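Here is what each chain is made of, one letter per residue.
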Amino acid sequence: MTHDVIGIGNAIVDVISHADDQFLDNMGIEKGIMQLVEKDRAELLYAAMNDRAQAAGGSVANTIAGIGHLGLGTAFLGKVKDDALGRFYVNDMTANGGAFPNPPSGDVAAPTSRSMIFVSPDGERSMNTYLGAGADFDADDVPRDVFAGAKLVFLEGYLFDKDEGKSAFRRAAQLMHEAGGETAITLSDPFCVNRHRADFQHLIENEMDLVIGNEAEWTTLYECDLEDALIRAAKVCKTVVCTRSGDPVVVRQGDIRIAAPVERVVPVDATGAGDQFAAGFLYGYVTCTDLETAARMGVTCAAEVIGHVGPRPQADMQARFRALGLM
């Protein structure tokens, strides 16, 4: 089976429960932010959740699900343990036709990654993330046969925090280029970029064909203003993209600069906005749409996902593209 787009990222199960402010105070949970937690803390919080709802999550996993929703063949590479959450993750990711080539492993020491998300009555989300098995993804978890006939591999910057992730990215880039496709990465987080600035710059210059980041990530990467950062990146990378919240998305290829206006909507839940922008943009990019249309596709997908709770599309996005004259 040929996959149009392959994603590599941290395979995290989102576990969602409702909780009031008193519960958050009693459990020592800081409201409205994401905190990394250790295994014992993760198990304590998981046991304290009364009305658990689970979904396969992770930034690039959400993007891959969005691309599959748009009709392309997809595969997601990630590491899960052979435990209840790991098996759930695989079943959830493959339920809509995408592939998860890495089987749950009994040899993985850490449990499957999970994020315990407590939703307050005011809609605030307090996230407690245990990185677990997914953070140990390495080059041995990147199978060669998945890349045959593929057009693009999309990498998650969060995995760049470990040497194992860096080696996996280099192997994936090599296999993708050998297969005749392109490599892309999302910068993911300005703090991650700050920790590995030189390595990210080297990766972008030597391995990547396309990079997606927001304004904070780009200015952190090059330690200069946004326009200069994008110009520097475009000198060494074929295509660079910058999302800017309510401001137009900027795309650069060499000396070509394109700005695509955003669609302003009242957000219900901002979770997944960047992930679904990437899904729409990459769909347009892979199907050889012009860059401005691809950016508008990304903006349309982002606008849809913030209009409801949850990080994945619920509407028929191809129908929306047609209504807007994008297809």
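Use the structure listed above.
Nothing here was measured: the structure is a model prediction, and the numbers come from that model. (Residues numbered from 1 in each chain as written. Predicted model: local features only at pLDDT ≥ 70, side-chain atom pairs only at ≥ 80, totals over all residues. Heavy atoms only, no water.)

What am I meant to see in the overall build of the protein here?
Helix and strand counts for the protein stand at 12 helices and 13 strands. Relative to the compact-globule value of 20 Å for 327 residues, the protein shows a C-alpha radius of gyration of 19 Å, a close match. Summarising the internal contacts of the protein: among those between residues at least 6 apart in sequence, 71% fall at separations of at least 24. On the protein, roughly 13800 Å² of surface is accessible, and the fraction owed to carbon and sulfur atoms is 48%. Each charge sign in the protein was given a centre, from 28 positive and 47 negative side chains, and these centres are 2 Å apart. (Helix = DSSP H or I, 4+ residues; strand = E, 2+ residues; numbered from the N terminus. Rg over C-alpha atoms; globule rule 2.2 N^0.38 Å. Contact = heavy atoms within 4.5 Å. Areas by Shrake-Rupley, 256 points an atom, 1.4 Å probe, with all protein chains shown as cover. Lys, Arg positive; Asp, Glu negative; His and termini not counted. Charge placed at Lys NZ, Arg CZ, Asp CG, Glu CD.)

I keep staring at the side chain of Ser126 and nothing clicks. Help me out?
In this structure, Ser126 sits in strand 7 (residues 125–130). In terms of polar contacts, Ser126 uses its side chain to reach the backbone amide nitrogen of Gly32, at 3.0 Å. Residues in contact with Ser126, not counting those within four places in the same chain, are Leu24, Ile29, Glu30, Lys31, Gly32, Ile33, Met116, Ile117 and Phe118. (Polar contact = N/O pair within 3.5 Å; in protein donor to acceptor, adjacent residues only side chain to side chain.)

Just to check I follow, could you spell out the environment of Leu159 for this structure?
Tracing the backbone through its elements, the reader meets Leu159 in the loop between strand 8 (152–156) and helix 5 (163–178). Taking relative accessible area as the criterion, Leu159 reaches 4% and is therefore assigned buried. The contact partners of Leu159, leaving out residues within four places of it in the chain, are Ile8, Gly9, Asn10, Gly134, Ala135, Phe137, Gly165, Lys166 and Phe169. (Buried < 20%, exposed > 50% of the residue type's maximum accessible area, 1.4 Å probe, protein only.)

Quick question: what am I supposed to make of the sheet that holds strand 7 here?
Within a beta sheet, neighbouring strands are joined by backbone hydrogen bonds and run either parallel or antiparallel to one another. The strand order 3-7-6-2-4 describes an open sheet built from five strands, whose pairing is mixed. Each of the sheet's edge strands pairs with one partner strand only, and the pair in question is strand 3 (34–36) and strand 4 (53–57). Pairs of neighbouring strands in the sheet enclose a mean axial angle of 20 degrees, with direction left out of account. Judged from the three bridges that link them, strand 3 and strand 7 form a sheet pairing that is parallel. Counted as the bridge partner of Met34 is Met127 from strand 7. Packed on one face of the sheet, helix 4 (residues 84–94) meets strand 2 (12–18), strand 4 and strand 6 (113–119) and runs near 65 degrees to strand 4. (Pairing = 2+ DSSP bridges. Axes fitted to C-alpha atoms, helices over the stretch in contact; angles between N-to-C directions.)

Just checking my understanding: could you explain empty space enclosed by the protein for this structure?
Remark: the empty space left among the atoms is shown by a probe the size of a water molecule rolled over them. Applying the stated criterion across every chain yields a total of one cavity of 30 Å³ or more. Approximately 30 Å³ is the volume found for the largest cavity. Gly66, Leu70, Gln276, Cys301, Glu304, Pro313 and Met317 together form the lining of the largest cavity. A class-by-class count of the residues in the lining of the largest cavity yields four nonpolar, two polar and one charged. (1 Å grid on protein atoms, 1.4 Å probe; cavity = no way out; pocket = protein on both sides within 12 Å on 5 of 7 lines; lining within 4 Å. Points joined across faces, edges and corners; volume = space filled by probe spheres on them. Nonpolar A, V, L, I, M, F, W, Y, C, P; charged D, E, K, R; others polar.)

When you look at the pairing of strand 11 (residues 239–244) in this model, what are you seeing that I'm missing?
It is a general feature of regular strands that their side chains alternate between the two faces of the sheet. Most of strand 11 sits inside the fold, with five of its six residues counted as buried. One ladder, built from five bridges, connects strand 10 (residues 210–214) with strand 11; its direction is parallel. Following the sheet pairing, Gly213 is matched in strand 11 by Cys242. Direction of pairing for strand 11 relative to strand 12 (residues 247–253): antiparallel, over a ladder of four bridges. Bridge assignment links Val240 to a residue of strand 12, and that residue is Arg252.

For this particular structure, what's the right way to read the side chain of Arg197?
With respect to the helices and strands, Arg197 occurs in helix 7 (residues 197–206). Owing to a relative accessible area of 17%, Arg197 belongs among the buried residues under this scheme. Here the side chain of Arg197 touches Asn194 through a polar contact of 2.6 Å, side chain to side chain. A polar contact of 2.9 Å, which involves the side chain of Arg197, links it to the backbone oxygen of Thr220. For Arg197, the contacting residues outside a window of four places in its chain are Thr220, Leu221 and Glu223.

What's the story with the packing of aromatic side chains in this structure? I'm lost.
Two aromatic rings, taken as a pair, are described by how far apart their centres are and by the angle between their planes. Per the stated rule, a full pass over the model turns up 10 aromatic pairs. For the ring pair Phe23 and Phe118, a centre distance of 5.4 Å and an interplane angle of 40 degrees mean the geometry is tilted. With a gap of 95 residues between them, Phe23 in helix 1 (residues 21–27) and Phe118 in strand 6 connect regions that are remote in the sequence. Summarising the aromatic geometry, the rings of Phe76 and Tyr89 are spaced 6.4 Å apart at their centres and angled 45 degrees between planes, so their arrangement reads as tilted. Placement of the pair is Phe76 in strand 5 (residues 74–77) and Tyr89 in helix 4, with a sequence separation of 13 residues. Here a set of aromatic residues connected by ring pairs shows up, and it is made of Phe76, Tyr89 and Phe100. Looking at Arg52, its charged tip hangs above the ring of Tyr46, at a distance of 4.2 Å from the centre. The ring of Phe160 has Lys166 sitting right over it, with the charged end atom 5.4 Å from the ring centre. (Phe/Tyr/Trp six-rings, centres within 6.5 Å; stacked < 30°, edge-to-face > 60°. Lys NZ or Arg CZ within 6 Å of the ring centre and 35° of its normal.)

Explanation requested: the layout of surface pockets in the structure shown.
Estimated volume of the second largest pocket: approximately 300 Å³. Ala65, Gly68, His69, Met93 and Asn96 are, among the 18 residues lining the second largest pocket, the residues nearest its centre. Broken down by secondary-structure element, the contributors of at least two residues to the lining of the second largest pocket are helix 3 (59–69), strand 5 and helix 4.

Everything listed is a geometric property; what it means functionally is a separate question.
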